[in-house]
Amino acid sequence: MKKFLFGLFAAALVLALAACGTKDDNKTGGNAADGDADKEKEEKTTLVVGASNTPHAVILEKAKPLLEEKGYELNIESYTDYVLPNKDLEEGVLDANYFQHIPYLEGQIADFNYDFVNAGAIHIEPIGVYSKKYKTLEELPDGATILISNSVADHGRVLAMLEEKGLIKLAEDVEKVKAEVEDIVENPKNLNFDANYEAALMPQLYNNDEGDALLINSNFAIDAGLNPLEDAIALEDKESPYVNIVATRNGDENSDAIKALIEVLTSQEIQDFILEEWKGSVVPVK
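Residues numbered from 1 in each chain as written. Predicted model: local features only at pLDDT ≥ 70, side-chain atom pairs only at ≥ 80, totals over all residues. Heavy atoms only, no water.

1. Overview of the pairing of strand E6 (residues 145-149)
No. 1: With 4 of its 5 residues buried, E6 lies for the most part within the structure.
No. 2: Alignment of E6 against strand E10 (residues 213-216), held across 2 bridges, turns out to be parallel. Bridge pairing in E10 links Ile146 to Ala213. (Buried < 20%, exposed > 50% of the residue type's maximum accessible area, 1.4 Å probe, protein only. Helix = DSSP H or I, 4+ residues; strand = E, 2+ residues; numbered from the N terminus. Pairing = 2+ DSSP bridges.)

Encoded structure:
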């Protein structure tokens, strides 16, 4: 009897240990699955990019799922000015920014000694001339007041455009992107230039019927509900060198994350989206 009871006890003990082993194995398997999920989560890199509201942030929103497929989570920080995005990039708040054209970036580097690079060209926003008083540039009267922003980086762009339209002539030895009002050598209509306004305020000045004509960057025009193709009385040529780029800190342009961002933003899907969304008032570079 003792042997029989001992045998029953031993058998029960073996079954209990087997059951415990099965429970532990299942638990270990669960931890492995959780570990893989945690690892996958850790491997997904968050990319923080600063951008102007329109069209930059809109384009980035469209790019989000495409970057997600490449293993990157895109966090978009929107800005309404041209100063903070570069400051935040320098301080490490951003991994990159997407709001400025090349001459502006070069000017910022010269003024603040930023160690930034152009990681890739994405699109062009033709600057436009707007007026509530006149429907064409030819209608502008003698002595008309032209309002332009106080962004020095845009002065050469504006003046080069007005020269191309035949309103003024710049000195032959001046570099177009650095041209200023004093570089005008011919001004048949005696146009007066007032450059004392923030770029973001130009649509408001237009709505208030200030000046005879104003030059407004397309991103601010679109953001204010204006359609550059319909509301502007003249648009900058689409071959403008003022292409909008993604900027990042020197060296970061070689990172996999930034390369993936540029690859997505220059993809056919994003190019088609830009053309369809803005009908030519924003133009992809490729």
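2. Brief notes about the packing of helix H2 (residues 53-69) against helix H9 (residues 256-265)
Two packed helices can be described by the angle between their axes and the distance between those axes.
No. 1: Direction vectors running N to C along H2 and H9 enclose 115 degrees, while the axes themselves pass 10 Å from each other. In terms of axis orientation, H2 runs roughly perpendicular to H9. For the crossing formed where H2 meets H9, the hand is right-handed. Only Ala260, Leu261, Val264 and Leu265 of H9 make contact with H2, whose side of the interface consists of Ile59, Leu60, Ala63, Leu66 and Leu67.
No. 2: A class-by-class count of the residues in the contact of H2 with H9 yields 9 nonpolar, no polar and no charged. (Axes fitted to C-alpha atoms, helices over the stretch in contact; angles between N-to-C directions. Parallel < 35°, antiparallel > 145°, perpendicular 65-115°, else oblique. Left-handed = near helix turned anticlockwise from the far one by under 90°. Contact = heavy atoms within 4.5 Å. Nonpolar A, V, L, I, M, F, W, Y, C, P; charged D, E, K, R; others polar.)

3. Some remarks on the nonpolar core
No. 1: Grouped together as the largest cluster of nonpolar side chains are 29 residues, with contacts concentrated most on Val49, Ile59, Leu60, Val246, Leu261 and Leu265.
No. 2: Those elements giving two or more residues to this core turn out to be strand E1 (45-52), H2, strand E2 (72-79), strand E3 (96-101), H9 and helix H10 (268-278).
No. 3: Broken down by element, the residue count for this core peaks at 7 residues, all from H9. (Core = buried A, V, L, I, M, F, W, Y, C linked by side-chain atoms within 4.5 Å.)

4. A word on the pattern of salt bridges
No. 1: Taken as a whole, this structure holds 8 salt bridges when the rule is applied.
No. 2: Residue Lys64 is joined to Glu61 by a salt bridge in which the shortest nitrogen-to-oxygen separation is 3.9 Å. A residue pair is termed a helical-turn pair when its members lie 3 or 4 positions apart in one helix, as Lys64 and Glu61 do in helix H2 at 3 residues.
No. 3: On the accessibility criterion, Glu61 (43% relative accessible area) is partly exposed.
No. 4: Lys133 is the salt-bridge partner of Asp209, the closest N and O atoms lying 3.2 Å from each other. (Salt bridge = Lys/Arg side-chain N within 4 Å of Asp/Glu carboxyl O.)

5. Quick look at the sheet that holds E3
As a general point, the strands of a sheet are linked pairwise by backbone hydrogen bonds and lie either parallel or antiparallel.
No. 1: Here 6 strands make up an open sheet; going across it, the order is E2-E1-E3-E12-E4-E13 and the pairing mixed. Every other strand in the sheet has two partners, leaving E2 and strand E13 (283-284) as the edge strands with one partner each.
No. 2: When E1 meets E2, the two strands line up parallel, connected through 8 bridges. If you follow Val49 over to E2, its bridge partner there is Ile76.
No. 3: On top of the sheet, helix H4 (residues 102-112) reaches E3, strand E4 (116-124) and strand E12 (243-249); it is set at about 110 degrees to E3, its chief contact.
No. 4: Packing of H9 onto the sheet brings it into contact with E1, E2, E3, E4 and E12, and relative to E4 it is tilted by some 15 degrees.

6. Points about the packing of aromatic side chains
No. 1: Scanning all chains against the criterion turns up 8 aromatic pairs.
No. 2: With a centroid separation of 5.3 Å and 40 degrees between ring planes, the pair formed by Tyr82 and Phe220 is classed as tilted. Residue Tyr82 is found in the loop between E2 and helix H3 (84-90), and its partner Phe220 is found in helix H7 (residues 218-223); the two are separated by 138 residues along the sequence. Like Phe220, Tyr82 is buried. (Phe/Tyr/Trp six-rings, centres within 6.5 Å; stacked < 30°, edge-to-face > 60°.)

7. Focus on a negative patch on the surface
No. 1: Negative charge collects at one region of the surface, where Glu69, Glu269, Asp272, Glu276 and Glu277 lie side by side.
No. 2: The element best represented in the negative patch is H10, accounting for 4 residues.
No. 3: On the secondary structure map, Glu69 appears in helix H2.
No. 4: Overall, the relative accessible area of 67% leaves Glu69 in the exposed class. (Patch = residues over 30% accessible without salt bridge, like charges linked within 9 Å, V, L, I, M, F, W, Y side chains within 5 Å. Areas by Shrake-Rupley, 256 points an atom, 1.4 Å probe, with all protein chains shown as cover. Lys, Arg positive; Asp, Glu negative; His and termini not counted. Charge placed at Lys NZ, Arg CZ, Asp CG, Glu CD.)

8. A few points about H4
No. 1: Buried residues of H4: Pro103, Tyr104, Leu105 and Gln108, and no others.
No. 2: Residues of H4 that are buried sit in contact with H3, E3, E4, helix H5 (152-164) and E12.
No. 3: Count one or two residues on from H4 and you reach Asn113, which has phi positive near 60 degrees.

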